[in-house]
Amino acid sequence: MMEQQRTATNEQPERVECPSCLLKLSLLQAQVEKVEKLLYCIKDTLNFKEACRYTGLSDSQLYKLTKTGKVPHYKPSGKLLFFSKRELDGWLCRNHECGESPYRVEVSEMELKGMDV
């Protein structure tokens, strides 16, 4: 009798997957991700994982950039890495390149020919 109770309590219940429950779960996960992204707008300082998500860089890419001093970062305790969001934005937006649009070339050629548009 005791063995039957033990096996009954040790057995895991069968998982029943409900399609509507899975849909609701995926919607909740999407909402949580949106809230997490909004939190980055509020914070001024990001930890390493947050900086990876914010910049879209992998852990190893960001670590290499900090190790070589190519990305601005702080180590207040000598071990943990922190990043100023404002400095990250500046770093991400450096080396701005202006690509020339083919439409601008066409417009300037039309203007040279004296055509009215």
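Residues numbered from 1 in each chain as written. Predicted model: local features only at pLDDT ≥ 70, side-chain atom pairs only at ≥ 80, totals over all residues. Heavy atoms only, no water.

Below, the discussion takes up the overall build of the protein. In terms of regular secondary structure, the protein is built from six helices and two strands. A burial count over the protein gives 15% of its 117 residues as buried. The contacts in the protein between residues at least 6 apart in sequence include a share of 42% that link residues at least 24 apart. Of the roughly 10,600 Å² of accessible surface on the protein, 56% is carried by carbon and sulfur atoms. (Helix = DSSP H or I, 4+ residues; strand = E, 2+ residues; numbered from the N terminus. Buried < 20%, exposed > 50% of the residue type's maximum accessible area, 1.4 Å probe, protein only. Contact = heavy atoms within 4.5 Å. Areas by Shrake-Rupley, 256 points an atom, 1.4 Å probe, with all protein chains shown as cover.)

What follows concerns the packing of aromatic side chains. Inspection of the entire model under this criterion finds one aromatic pair. Both rings, one in F48 and one in F83, keep their centres 6.4 Å apart while their planes meet at 40 degrees; by these two values the pair is tilted. Remark: F83 occurs in strand β2 (residues 82-84) and F48 occurs in helix α3 (residues 48-55); sequence separation between them is 35 residues. (Phe/Tyr/Trp six-rings, centres within 6.5 Å; stacked < 30°, edge-to-face > 60°.)

To continue, consider the packing of α3 against helix α5 (residues 85-92). Relative orientation of the contacting elements α3 and α5 amounts to 35 degrees, with a least axis distance of 12 Å. The handedness of the crossing between α3 and α5 comes out as right-handed. Counting all contacts with α3, which are made through A51, Y54 and T55, the residues of α5 involved are K85, L88, D89 and L92. Of the residues assigned to the contact of α3 with α5, the class counts are four nonpolar, one polar and two charged. (Axes fitted to C-alpha atoms, helices over the stretch in contact; angles between N-to-C directions. Left-handed = near helix turned anticlockwise from the far one by under 90°. Nonpolar A, V, L, I, M, F, W, Y, C, P; charged D, E, K, R; others polar.)

Take the nonpolar core next. Residues Y40, L46, F48, A51, C52, L62, L65, V71, L81, F83, L88 and W91 constitute the largest nonpolar core, which totals 12 residues. Among the elements that take part in this core, α3 stands out by supplying three residues, more than any other. If we skip the residues at most four places from it in the chain, Y40 touches L46, E50, R53, Y54 and K85. (Core = buried A, V, L, I, M, F, W, Y, C linked by side-chain atoms within 4.5 Å.)

Let us look at the confidence of the model for the protein. Confidence along the protein averages 81 in pLDDT terms, with 72% of residues attaining 70 or more. When pLDDT is averaged over each element of the protein, β2 comes out on top at 97 and helix α1 (residues 2-10) at the bottom at 53. (pLDDT = per-residue confidence, 0-100.)

Here we come to the side chain of S84. One can find S84 in strand β2. For S84, a relative accessible area of 18% gives the class buried. Residues contacting S84, with those up to four places away along its chain left out, are D44 and Y74.

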